[in-house]
Amino acid sequence: MKAELGGSVDRATRTEARQRTLYAIGRLVIEGRQRVCTVRNVSDNGIGIELDRPLALGTRLEIEMRGLPLTPAEVCWVNGTRAGLALHRGAIGATTPRSNFTLRSPRFRFTREIGLRSAVEEAPARAIDVALGGVKLSAPIFAPPGTSVVASLDGQLEIRARVCWHLPHAFGLRFAVPLSARQLTALLERTAQEEMAE
C-alpha cells in the first residue's frame, strides 16, 4: 500500500484485501498532539483514514479506534486529505488480544473548566476527556443521573446533555446530539491553542 505523496494507491502492491469499509472516528497522536480522523477502511495490516489536513508521507503516529487500542503506525501513502497507515503491531483482529480491544469510540484528552447549567443551578466543572457522544467530568457530581443540562464546552460551543452516570471521583454527560467530527476537531484545536498561549 504505497504511493507517492499526492498520488493514488497502487493497488498492485496491496498484499492483503481490505477487511471492511466503515466510517468510524479515530484518534491520532502525533508528537504528543491529538487529531481526529475518519476511519474509512481496515485491512489486516493497515487502515485508510481521512482528516481535515493532509499528513506527510512517512509520519510516525499512533492510532486508536473502536476495536483497536492505541497502536503505532506510519503514513505509507497520501492522496489529498486521505492517507494509508501501515500498522507496526501486526494484523488487526488476528494478533490483537480481545482483552485489549477498545469497546467504545476513542476519548480525547480535554482538560479544562466548562460551564454547566440546569433548570435550577449553574456551576463550573472540570472536564477530563471528550468524545463525539459525551464528556467525562471530575467530581463532585453536578446533578443526579437523568438531569438535563446545557454544557458550555468552551466560549464557542454549547450543547444540550444529560447526566448519564456517576462514580465517587467522576461523572459523565451524554450529549443530546453527538458532536460531528468537524465540531470535535475545532474544539480540540481551540483548546490546544489556549493551552499554548498560557
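One can find the structure itself at the top, above this paragraph.
Reading guide: rules and limits
- Residues numbered from 1 in each chain as written.
- Predicted model: local features only at pLDDT ≥ 70, side-chain atom pairs only at ≥ 80, totals over all residues.
- Heavy atoms only, no water.
- Helix = DSSP H or I, 4+ residues; strand = E, 2+ residues; numbered from the N terminus.
- Buried < 20%, exposed > 50% of the residue type's maximum accessible area, 1.4 Å probe, protein only.
- Contact = heavy atoms within 4.5 Å.
- Areas by Shrake-Rupley, 256 points an atom, 1.4 Å probe, with all protein chains shown as cover.
- Pairing = 2+ DSSP bridges.
- Axes fitted to C-alpha atoms, helices over the stretch in contact; angles between N-to-C directions.
- Salt bridge = Lys/Arg side-chain N within 4 Å of Asp/Glu carboxyl O.
- Expected span 1.5 Å × (residues − 1).
- Polar contact = N/O pair within 3.5 Å; in protein donor to acceptor, adjacent residues only side chain to side chain.

1. A closer look at the overall build of the protein chain
For the protein chain, the helix and strand inventory stands at one helix and 12 strands. The secondary structure elements of the protein chain, listed N-terminal to C-terminal, are β-β-β-β-β-β-β-β-β-β-β-β-α. In the protein chain, which comprises 198 residues, the share counted as buried stands at 46%. A separation threshold of at least 6 residues defines the contact pool for the protein chain, and within that pool the share at least 24 residues apart is 50%. Summing over all exposed atoms, the protein chain offers an accessible surface of approximately 10600 Å²; the carbon and sulfur share of this is 51%.

2. Brief notes about the pairing of strand β12 (residues 170–175)
Most of β12 is tucked away: five of the six residues are buried. Where strand β9 (residues 134–138) and β12 come together, five bridges link them in antiparallel fashion. In the strand pairing of β12, Ser-138 is matched with Ala-170. Across five bridges, strand β11 (residues 157–166) lies against β12 in antiparallel orientation. Within the sheet, the bridge partner assigned to Val-163 lies in β12 and is Leu-173. The turn joining β11 and β12, which pair antiparallel and follow one another in sequence, is formed by three residues.

3. Quick look at the sheet that holds β9
Spatially, β7-β8-β9-β12-β11-β10 is the arrangement adopted by the six strands of the closed barrel, whose pairing is antiparallel. Averaged over all adjacent pairs, the angle separating strand axes in this sheet is 45°, with direction ignored. Across the sheet, helix α1 (residues 181–197) is in contact with β7 (108–117), β8 (122–130), β10 (148–154) and β11; its angle to β7 comes to roughly 95°.

4. Considerations on the pattern of salt bridges
Under the criterion given, the structure shown has 13 salt bridges. With a shortest N-O distance of 3.7 Å, Arg-60 and Glu-74 are connected by a salt bridge. Here the residue Arg-60 occupies a position in strand β4 (residues 60–65), and Glu-74 occupies one in strand β5 (residues 68–79), the gap between them amounting to 14 residues. Owing to a relative accessible area of 56%, Arg-60 belongs among the exposed residues under this scheme. Classification of Glu-74 as partly exposed rests on a relative accessible area of 25%.

5. Examining α1
Between its first and last C-alpha atoms α1 spans 24 Å; for 17 residues at 1.5 Å apiece the expected length is 24 Å, and the two agree. Packing partners of the buried residues in α1 comprise β2 (33–43), β7, β8, β10 and β11.

6. A word on the environment of Arg-66
Relative to the assigned elements, Arg-66 resides in the loop between β4 and β5. For Arg-66 and Pro-106, which are 40 residues apart along the polypeptide, the C-alpha to C-alpha distance reads 6.6 Å. Separated by 3.0 Å, the side chains of Arg-66 and Ser-105 make a polar contact.

7. So, the side chain of Asp-154
Tracing the backbone shows Asp-154 in strand β10. Separated by 3.0 Å, the side chain of Asp-154 and the backbone nitrogen of Leu-157 make a polar contact. A polar atom in the side chain of Asp-154 sits 2.6 Å from the side chain of Arg-190. What Asp-154 contacts, discounting residues up to four positions off in sequence, is Arg-112, Leu-187 and Arg-190.

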